[in-house]
Structures are given as C-alpha cells and as structure tokens.
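Letter by letter, the chains look like this.
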Amino acid sequence: QLLQDQLTSYPDNIPGIPPNLTCADWEDIAATIPIHDSQSCLGIKNFFDQCCVSSLPRYDCEKTIRSHLLQDLDSSVPPLRTLDEKVQISAGLRFFHVTKVNEQESSIEIFVWLYLQWYDPRLTWSPSEDKCCNVIS
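What counts as what
- Residues numbered from 1 in each chain as written.
- Predicted model: local features only at pLDDT ≥ 70, side-chain atom pairs only at ≥ 80, totals over all residues.
- Heavy atoms only, no water.
- Helix = DSSP H or I, 4+ residues; strand = E, 2+ residues; numbered from the N terminus.
- Buried < 20%, exposed > 50% of the residue type's maximum accessible area, 1.4 Å probe, protein only.
- Contact = heavy atoms within 4.5 Å.
- Areas by Shrake-Rupley, 256 points an atom, 1.4 Å probe, with all protein chains shown as cover.
- Salt bridge = Lys/Arg side-chain N within 4 Å of Asp/Glu carboxyl O.
- Pairing = 2+ DSSP bridges.
- Phe/Tyr/Trp six-rings, centres within 6.5 Å; stacked < 30°, edge-to-face > 60°.

1. Overview of the overall build of the protein chain
Next up, step 1: On a plain count of helices and strands, the protein chain comes out with three helices and two strands.
Next up, step 2: The linear arrangement of helices and strands in the protein chain, starting from the amino end, is α-α-α-β-β.
Next up, step 3: For the protein chain, with 137 residues in total, the buried portion stands at 21%.
Next up, step 4: Excluding contacts between residues fewer than 6 apart, the proportion of contacts in the protein chain whose partners are at least 24 apart in sequence is 51%.
Next up, step 5: Total accessible area on the protein chain stands at roughly 10,400 Å², and carbon and sulfur atoms take up 55% of it.

Rendered as structure tokens:
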C-alpha cells in the first residue's frame, strides 16, 4: 500500500526535480519510466522504502528474505562466477581509543571498527509482497 502523503528523503538539489515530493508524486514519476514495476508500490519502494506499507510486518519480511537467501549459501565459497573473476573488497578502519597499554610486553589494546564491503550476487532479491523490504539489517 502506497503512503500517498508521505514526504520522501532525497537531496533537494537534483536538477529538474522539485523539492518536497511525496510518495504519490514519485509514483507518478516512476510510472513514466518503462521499467516501472506495476505491482502495488513496489517500483517506488526500490527508491523510497518509507513510501510503502506492506501487508506483512517488517520482521516477517526480513525473516522471509533471510531464510530465502541463506538457505543454500555456503559462506566458505567466495562469490565468484568464473575462476578469472576477482572479488573487489572495500576496507576501512575507524580508530576510537586506546583501551590498554602494556609497556613490559610492548603491546597496546585498541578499540576499532573494521569495515569490509563487497558484492555477492547470491545475496540479492527483488522486492515482492513476501520479500517486501529492499534493505535488511
């Protein structure tokens, strides 16, 4: 179900797009695009998840997607389609603070977050009524 009057969050400086569009406005715009999904609000949902209310609760949507995606997934097998292909991995490290210093052992303990990101085509889906969200946590 499309939330007609819901304002969407998008940059206001997109050339040719007026500011403060509602979900209904975006649905009208999406209807002019040849690849628009004619099912109930799913076409616009790919861009603005907040525009749709599903018949299923969010936790049921995520549960369905997770069980579908992870059913036959072997995480020890890399996401390669061919042997020549390489997995592009983005990495980042965010330092927070030193938690412990041991001068005798010449060691320190630090608190960091390590970010790793890559694309795995085995973990994709198309939103539908039973797979109703386009992002899971």
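2. Here we look at the pattern of salt bridges
Next up, step 1: Per the stated rule, a full pass over the model turns up two salt bridges.
Next up, step 2: Residues R66 and E62 are paired through a salt bridge, measuring 4.0 Å at the closest nitrogen-oxygen approach. With a gap of four residues between them, R66 and E62 both fall in helix 3 (residues 58-70), about one helical turn apart.
Next up, step 3: Residue classification places R66 among the partly exposed residues on the basis of a relative accessible area of 35%.
Next up, step 4: For E62, a relative accessible area of 12% corresponds to the buried category.
Next up, step 5: The salt bridge partner of R122 is D120, with a shortest N-O separation of 2.7 Å.
Next up, step 6: When its relative accessible area of 31% is taken as the criterion, R122 is described as partly exposed.

3. Considering the environment of L114
Next up, step 1: Following the sequence through the fold, L114 ends up in strand 2 (residues 107-117).
Next up, step 2: Among residues more than four places away in sequence, those in contact with L114 are G92 and L93.

4. Structural notes on the pairing of strand 1 (residues 90-102)
Next up, step 1: Bridging between strand 1 and strand 2 involves eleven bridges; their strand directions are antiparallel. In the strand pairing of strand 2, A91 is matched with L116.

5. Some points on the packing of aromatic side chains
Next up, step 1: What the rule picks out here adds up to three aromatic pairs.
Next up, step 2: Judged by centre distance (5.2 Å) and plane angle (45 degrees), the ring pair of F96 and F111 falls under tilted. Here F111 lies in strand 2 and F96 lies in strand 1, a separation of 15 residues in the sequence.
Next up, step 3: Relative to W113, the ring of F96 lies with its centre 4.8 Å away and its plane at 65 degrees, an arrangement referred to as edge-to-face. With F96 in strand 1 and W113 in strand 2, this residue pair connects regions lying 17 residues apart in the sequence.
Next up, step 4: Assessed through its relative accessible area of 29%, F96 is described here as partly exposed.
Next up, step 5: The rings of F96, F111, W113 and Y115 are connected pair by pair, giving a single aromatic cluster.

6. So, unusual backbone geometry
Next up, step 1: One non-glycine residue with positive phi stands out, namely S106, at about 55 degrees.
Next up, step 2: The topology assignment puts S106 in the loop between strand 1 and strand 2.

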